[in-house]
Amino acid sequence: MAKNSIIEVAGDGTTTQWAVNFTGGYMDESHVTCQVNNEVDGSGDPVYRSITFVSAGLISVGGTVPGVGEAVVFRRETPVTSPQNEFAGADAFSALNIDNSFLQLLFGVQEAQDVLDTATSVEEALERSEEAETNATAAQAAAEAAQASAEGARDTATTQTTAAAGSATTPT
């Protein structure tokens, strides 16, 4: 099954640049990571390679050249713990900001689904489903906050429009 937020390629001992095209792209270069051959540090935590975006779809991977057959895994990990835009605050209520808010939610759901799809055991699937539920809850909270923010901005705009219309028709 194709994944939306995980791209895995095999190293060949010479290649250090790969075409990386996630479904829908990514919101920010900082949301993209690369791990080679499941590298971990002394504590067992994943070690991510430094990456450089040569262009929007081409990434150069730092460190030792991945060997023949070594898994090179690129992941899109969109933050979903807070909304991309807060319409009640300083963010404009524009089509771009609305699109980006929904894109953040869509990417979060795709990433959660990809995590579940890569589970290799029932225990791992349960663990990942709990992680996905946490991410989905955070994404839902972000969407609800964005909706409330948008409704507040709409109400404020309506009040200001009504007030401006009233003052425009009031004789002096």
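Heads up: these notes are all about the structure in this document.

Quick notes on the rules
- Residues numbered from 1 in each chain as written.
- Predicted model: local features only at pLDDT ≥ 70, side-chain atom pairs only at ≥ 80, totals over all residues.
- Heavy atoms only, no water.
- Pairing = 2+ DSSP bridges.
- Helix = DSSP H or I, 4+ residues; strand = E, 2+ residues; numbered from the N terminus.
- Axes fitted to C-alpha atoms, helices over the stretch in contact; angles between N-to-C directions.
- Buried < 20%, exposed > 50% of the residue type's maximum accessible area, 1.4 Å probe, protein only.
- Contact = heavy atoms within 4.5 Å.
- Polar contact = N/O pair within 3.5 Å; in protein donor to acceptor, adjacent residues only side chain to side chain.
- Core = buried A, V, L, I, M, F, W, Y, C linked by side-chain atoms within 4.5 Å.
- Salt bridge = Lys/Arg side-chain N within 4 Å of Asp/Glu carboxyl O.
- Expected span 1.5 Å × (residues − 1).

### Structural notes on the sheet that holds strand 2 (residues 17-19)
Stage number 1. Strand order in this open sheet of three strands is 2-5-4, and the pairing throughout is antiparallel. Only two strands of the sheet have a single neighbouring strand rather than two, namely strand 2 and strand 4 (51-55). On average, adjacent strands in this sheet sit at an angle of 30° to one another, irrespective of strand direction.
Stage number 2. The sheet contact formed by strand 4 and strand 5 (residues 58-61) spans four bridges and is antiparallel.

### Considerations on the environment of D114
Stage number 1. Topologically, D114 is positioned in helix 1 (residues 95-117).
Stage number 2. Its relative accessible area of 1% is what places D114 among the buried residues.
Stage number 3. Spatially, the C-alpha atoms of D114 and N4 are 6.9 Å apart, while their sequence positions differ by 110 residues.
Stage number 4. With residues up to four places along the chain from it excluded, the contact list for D114 reads K3, N4, S5 and I6.
Stage number 5. There is a polar contact of 2.9 Å between the side chain of D114 and the backbone nitrogen of N4.

### Points about the nonpolar core
Stage number 1. The biggest cluster of nonpolar side chains holds 12 residues, and these are I7, W18, V20, F22, V32, C34, V36, F53, I59, V61, V72 and F74.
Stage number 2. Counting residues per element, the ones that place at least two in this core are strand 3 (32-36), strand 5 and strand 6 (71-76).
Stage number 3. Among the elements that make up this core, the one with the highest residue count is strand 3 (three residues).
Stage number 4. The residues contacting C34, other than those within four sequence positions of it, are V47, Y48, R49, I51, V61, V72, V73 and F74.

### Examining the pattern of salt bridges
Where charged atoms from two side chains of opposite charge come close, those side chains can pair.
Stage number 1. Under the criterion given, the structure shown has two salt bridges.
Stage number 2. When the shortest N-O distance is used, the salt bridge between R49 and E39 registers 2.9 Å. Of this pair, R49 sits in the loop between strand 3 and strand 4 while E39 sits in the loop between strand 3 and strand 4; the two residues are 10 residues apart in sequence, bridging distant segments of the chain.
Stage number 3. Measuring nitrogen to oxygen at the nearest pair gives 2.7 Å for the salt bridge that ties E111 to R76. Residue E111 is located in helix 1, and its partner R76 is located in strand 6; the two are separated by 35 residues in the primary sequence.
Stage number 4. By relative accessible area, E111 is classed as buried at 10%.
Stage number 5. The buried category is assigned to R76, whose relative accessible area is 1%.

### A look at the side chain of R49
Stage number 1. The exposure class of R49 is buried, given its relative accessible area of 14%.
Stage number 2. Looking at R49, its side chain comes within polar contact range of the side chain of E39, at 2.9 Å.

### Some thoughts on the sheet that holds strand 6
In a beta sheet, neighbouring strands pair by backbone hydrogen bonds and run either parallel or antiparallel.
Stage number 1. Taken in spatial order, the three strands line up as 1-6-3 in an open sheet, and their pairing is antiparallel. If you trace the sheet from one side to the other, it starts and ends with strand 1 (6-10) and strand 3, each paired once. This sheet shows a mean twist of 15° between the axes of neighbouring strands, independent of strand direction.
Stage number 2. When strand 3 meets strand 6, the two strands line up antiparallel, connected through five bridges. Within strand 6, the position partnered with Q35 by the bridge is V73.

### Some remarks on helix 1
Stage number 1. A rise of 1.5 Å per residue sets the reference length of helix 1, with its 23 residues, at 33 Å; its end C-alpha atoms lie 32 Å apart and thus fit the reference within 8%.
Stage number 2. All of the buried residues in helix 1 are N97, S101, Q104, F107, G108, Q110, E111, A112 and D114.

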